[in-house]
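# Results of the structural survey
Spelled out from the first residue to the last, the chains are:
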Amino acid sequence: VLRILPFENDSGYMRILIVGFWSGVFAGRVEQWYSVHRCPLCQVVLARIQAEHAVGGGRSEREVLASTKKVCKRHVLEGVKDLVDGAIHWPTFVYDCEQVVDGFGADMLDALSTDEDLAHFCKEELGCKKKELKDQKKFKGVAHPEL
């Protein structure tokens, strides 16, 4: 949500303050989201979580999520063709990816363990619109467990 708030300072000049944020309540906690790339990042993390879950091996949730965060490395995200349109500030993009893992990774694992269909997870949990979502085939490379 972007809001433009005009105001006048002491010298009589008109200034514009632009305020933008996205916020929501997830699992009883309030989170603020600043990335416009949350939907493709959700898809990347979801592809990796599904691959990690398929490997299994009796690992704990913490171990699976730590391994999932490997997908948030810059060189891995750069390898996903057409992940986002436009310029990317990489430190913020990597941070946002890690926030998706921290904020939604456990929910993704819970949904997988109960055999839920995750085709619409990003749409339902993050409110992604169809035009924001990418073709899931683009994320095959990030799904490989040996990153």
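Here's a quick rundown of the structure. Note that the coordinates shown come from a computational prediction; the quantities given were computed from them, not determined experimentally.

Turning to the overall build of the protein chain, a few remarks are in order. Counting secondary structure elements, the protein chain contains six helices and four strands. Starting at the N terminus and ending at the C terminus, the protein chain contains elements arranged as β-β-β-β-α-α-α-α-α-α. In the protein chain, which comprises 147 residues, the share counted as buried stands at 36%. The contacts of the protein chain with a sequence gap of at least 6 include a subset with a gap of at least 24, amounting to 59%. As displayed, the protein chain offers around 9400 Å² of accessible surface, 53% of which is attributable to carbon and sulfur atoms.

In this section: the nonpolar core. Counting residues in hydrophobic clusters, the biggest one holds 32 residues, and the most contacted among them are V45, L77 and M108. Breaking this core down by element, the ones donating at least two residues are α1 (38–55), α2 (61–68), α3 (74–78), α4 (90–113) and α5 (121–126). In terms of residue count, the dominant contributor to this core is α4 (11 residues). In this structure, M108 is in contact with C42, V45, L46, I49, V100, L118 and F121, ignoring residues within four places of it in sequence.

Right, let's talk about the packing of aromatic side chains for a bit. By the definition in use, this model includes one aromatic pair. Aromatic pair W90 and F93: ring centres 5.4 Å apart, planes at 90 degrees, arrangement edge-to-face. In this pair, W90 and F93 are both assigned in helix α4, three residues apart and thus about one turn of the helix distant. Across the pair, F93 and W90 agree in class, each one buried.

Moving on: the state of the cysteines. Throughout the structure, instances matching the rule amount to three disulfides. There is a disulfide in this structure between C42 and C122, and the S-S distance comes to 2.0 Å. Torsion about the S-S bond of the C42 and C122 cystine: about -90 degrees, corresponding to left-handed handedness. Taken together, the residues span a long stretch of sequence, with C42 in helix α1 and C122 in helix α5 at a distance of 80 residues. Taking relative accessible area as the criterion, C42 reaches 0% and is therefore assigned buried.

Moving on to the pattern of salt bridges. Summed over the entire model, instances satisfying the criterion amount to four salt bridges. A salt bridge links D102 to K69; the nearest nitrogen and oxygen atoms lie 2.9 Å apart. Remark: K69 occurs in the loop between α2 and α3 and D102 occurs in helix α4; sequence separation between them is 33 residues. Given the relative accessible area of 45%, D102 is considered partly exposed. Note on K69: relative accessible area 28%, which makes it partly exposed. A salt bridge links R74 to E78, with the shortest nitrogen-to-oxygen separation between them at 2.8 Å. Taken together, the residues R74 and E78, both in helix α3 and four residues apart, mark about one turn of the helix. With a relative accessible area of 44%, E78 lands in the partly exposed category. Where salt bridges share partners, they join R48, E52 and R59 into one cluster.

Criteria and cut-off values
- Residues numbered from 1 in each chain as written.
- Predicted model: local features only at pLDDT ≥ 70, side-chain atom pairs only at ≥ 80, totals over all residues.
- Heavy atoms only, no water.
- Helix = DSSP H or I, 4+ residues; strand = E, 2+ residues; numbered from the N terminus.
- Buried < 20%, exposed > 50% of the residue type's maximum accessible area, 1.4 Å probe, protein only.
- Contact = heavy atoms within 4.5 Å.
- Areas by Shrake-Rupley, 256 points an atom, 1.4 Å probe, with all protein chains shown as cover.
- Core = buried A, V, L, I, M, F, W, Y, C linked by side-chain atoms within 4.5 Å.
- Phe/Tyr/Trp six-rings, centres within 6.5 Å; stacked < 30°, edge-to-face > 60°.
- Disulfide = S-S within 2.5 Å.
- Salt bridge = Lys/Arg side-chain N within 4 Å of Asp/Glu carboxyl O.

By themselves, these are just geometric observations and shouldn't be taken as functional.
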